[in-house]
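Residue-level listing of the chains:
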Amino acid sequence: MTTSNQLRNPAYGYNESSIGHQVHSELERLRRLEDALDPETIGMLSDCTVQPNWRCLELGAGAGSIAYWLAGMCPEGRTTAVDLDTRFLDQGAFRNLTISEQDVFECDFAPQSFDLIHTRALLVHLPQREEIYRRAAQWLAPGGWLVTEEPVIIDDRESPYPEFSKMTRAVRTLWGRHGADLRWSRSLPGLALRNGLADLSVSARIMQCGQGGAGDRHWTFMINQMRAPLISAGLLSQEEWQAGIDSFNDPAFMDISLVMISVRARRLA
């Protein structure tokens with residue numbers, strides 16, 4: 001039975017899901033996600049001309065790779081890493097790193113607290129995503145950057161691989177039951193403009209499946225982690241799950257699973 005506290009807490013669904021931190025293999029999944037996404041993320045953040053004295057905020061820090069990178073780039077400043085569950089983060093990694101265990105919806109930073117705020121694969125999972133973005137925009141100092149990277153799933157009905165298509169549709173449906181919306185990310189550019197941010201830049205990078213690489217390693221690990229929840233929810237049979245995972249063993253298989261939409265914008269000085 002869903003309690004009133006669960007309804008109030010926008011992170012409840014994610015924390016209790018098949019990719020919550022309580023899942024025994026979740027740290028490894030996050031590491032594989034970092035391997036797939038960190039190079040492009042670091043390139044985008046570097047384009048903000050990060051300064052040594054900047055105050056940075058990482059919302060939804062996960063396993064910590066980007067929070068650690070920011071702390072290392074800003075030795076004269078301060079980096080704050082926020083996550084609902086900080087078990088995977090090392091408080092002692094950097095002297096200028098603060099780790100805060102809290103729901104991102106309950107963060108209450110003062111206006112103009114940060115020169116750079118970053119999120120990745122966070123907002124799509126939270127029903128109050130646009131309110132969280134609005135608050136983050138207010139926490140920016142004049143000239144500060146808000147960098148958001150969120151996935152948008154490709155229409156699985158258009159895939160030429162029916163077994164893989166059924167699997168991705170099942171994943172999207174399961175996450176949707178926890179409040180996720182994997183088609184919302186197209187709203188990000190307009191959201192930045194409505195919140196008074198400027199110097200907008202938008203990019204998209206394809207996460208392909210097939211032919212090996214970091215993307216494949218993340219996808220196959222995640223699908224293995226989600227096998228039991230997908231089957232118990234009645235979204236896939238064991239045979240359908242196996243057919244989907246077997247797609248990766250086909251040398252002729254290559255599909256586009258999702259696209260990461262990245263939006264960078266700043267508050268004018």
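Residues numbered from 1 in each chain as written. Predicted model: local features only at pLDDT ≥ 70, side-chain atom pairs only at ≥ 80, totals over all residues. Heavy atoms only, no water.

Some words on the packing of helix H6 (residues 162–176) against helix H10 (residues 238–246)
How two helices pack is summed up by the angle between their axes together with the distance between the axes. Between H6 and H10, whose axes approach to 8 Å, the crossing angle comes to 115°. The orientation of H6 relative to H10 falls into the category roughly perpendicular. The hand of the H6/H10 crossing is left-handed. Residues Glu 163, Phe 164, Lys 166 and Met 167 of H6 pack against Glu 240, Trp 241, Ala 243, Gly 244 and Ile 245 of H10. The residue inventory of the contact of H6 with H10, partitioned by class, reads five nonpolar, one polar and three charged. (Axes fitted to C-alpha atoms, helices over the stretch in contact; angles between N-to-C directions. Helix = DSSP H or I, 4+ residues; strand = E, 2+ residues; numbered from the N terminus. Parallel < 35°, antiparallel > 145°, perpendicular 65-115°, else oblique. Left-handed = near helix turned anticlockwise from the far one by under 90°. Contact = heavy atoms within 4.5 Å. Nonpolar A, V, L, I, M, F, W, Y, C, P; charged D, E, K, R; others polar.)

Observations regarding H10
Listed as buried for H10 are Trp 241, Gly 244 and Ile 245. Taken around the axis of H10, the buried residues stretch over an arc of 95°, which confines them to a single face. Elements in contact with the buried residues of H10: H6, helix H8 (214–225) and helix H9 (227–232). (Buried < 20%, exposed > 50% of the residue type's maximum accessible area, 1.4 Å probe, protein only. Arc of directions from axis to C-beta.)

Some words on a nonpolar patch on the surface
A grouping of Ile 154, Ile 206 and Ile 256 is seen on the molecular surface, where their side chains present a nonpolar patch of about 240 Å² in accessible area. Take Ile 154: it is sitting in the loop between strand S5 (140–153) and H6. (Patch = residues over 30% accessible without salt bridge, like charges linked within 9 Å, V, L, I, M, F, W, Y side chains within 5 Å. Areas by Shrake-Rupley, 256 points an atom, 1.4 Å probe, with all protein chains shown as cover. Salt bridge = Lys/Arg side-chain N within 4 Å of Asp/Glu carboxyl O.)

Side note on the nonpolar core
Counting 56 residues, the largest nonpolar core has Leu 59 and Ile 117 as the members making the most contacts within it. Not counting chain neighbours up to four residues away, the residues in contact with Leu 59 comprise Val 82, Val 104, Cys 107, Ile 117, His 118, Thr 119, Leu 122 and Trp 139. In terms of nonpolar packing, the next biggest core, distinct from the first, is built from 13 residues, Met 44, Trp 69, Cys 74 and Val 147 among them. (Core = buried A, V, L, I, M, F, W, Y, C linked by side-chain atoms within 4.5 Å.)

A look at the confidence of the model for the chain
On average, residues of the chain score 90 in pLDDT, and 92% of them are at 70 or above. This stretch, residues 1–12, has a pLDDT under 50; its non-local contacts, to residues over four places away or in other chains, come to 14 contacts. (pLDDT = per-residue confidence, 0-100.)

Details of the packing of aromatic side chains
The tally for this structure, following the rule as stated, stands at eight aromatic pairs. Ring geometry for Phe 109 versus Phe 114: centroids 5.0 Å apart, planes at 85°, classification edge-to-face. Geometrically, the ring pair formed by Phe 164 and Trp 219 is tilted, given 5.8 Å between the ring centres and 55° between the ring planes. Here Trp 219 lies in helix H8 and Phe 164 lies in helix H6, a separation of 55 residues in the sequence. Each of the two residues, Phe 164 as well as Trp 219, counts as buried. (Phe/Tyr/Trp six-rings, centres within 6.5 Å; stacked < 30°, edge-to-face > 60°.)

Brief notes about the side chain of Arg 264
For Arg 264, the position within the fold is in strand S7 (residues 255–266). Lacking a salt bridge, the buried Arg 264 has Asp 47 as its closest oppositely charged neighbour, with an N-O distance of 4.1 Å. Discounting residues that sit within four places of it in the chain, Arg 264 has contacts with Met 44, Asp 47, Cys 48, Trp 145, Leu 146, Val 147, Asp 199, Leu 200 and Ser 201. (Lys, Arg positive; Asp, Glu negative; His and termini not counted.)

Some thoughts on the environment of Gly 64
By secondary structure assignment, the location of Gly 64 is in the loop between strand S1 (55–59) and helix H4 (65–73). Look at Gly 64 and you get buried, because its relative accessible area is 0%. Remark: the alpha-carbon pair of Gly 64 and Glu 34, spanning 30 residues in sequence, is separated by 9.1 Å. In this structure, Gly 64 is in contact with Glu 34 and Leu 89, ignoring residues within four places of it in sequence.

Observations regarding the pattern of salt bridges
As enumerated under the stated definition, the model contains 12 salt bridges in all. With its nearest N and O atoms 3.9 Å apart, the salt bridge here joins Glu 130 to Arg 194. Of this pair, Glu 130 sits in helix H5 (residues 129–138) while Arg 194 sits in helix H7 (residues 188–194), and the two are 64 residues apart along the sequence. You can call Glu 130 partly exposed: its relative accessible area is 35%.

Description of the packing of helix H3 (residues 26–46) against H8
Two elements in contact, H3 and H8, have axes separated by 8 Å at closest approach and are oriented at 160°. The angle between H3 and H8 falls in the class roughly antiparallel. The way H3 lies across H8 gives a crossing that is left-handed. Facing Glu 26, Glu 28, Arg 29, Arg 32, Leu 33, Asp 35 and Ala 36 of H3, the residues of H8 in contact are Ala 214, Gly 215, Arg 217, His 218, Phe 221, Met 222 and Gln 225.

As for the sheet that holds strand S4 (residues 114–120)
Reading across the sheet, the seven strands line up as S3-S2-S1-S4-S5-S7-S6 and stay open at both edges, with mixed pairing between neighbours. Each edge of the open sheet carries a strand with a single partner, namely strand S3 (97–101) and strand S6 (198–209). Shown here is a sheet whose adjacent strand axes are inclined to one another by a mean of 15°, direction ignored. With 10 bridges connecting them, S6 and S7 associate as antiparallel partners. Each bridged residue has a counterpart across the sheet, and for Cys 209 the counterpart in S7 is Asp 255. The strands touched by H8 within the sheet are S6 and S7, with S6 carrying the most contacts at an inclination of about 70°. (Pairing = 2+ DSSP bridges.)

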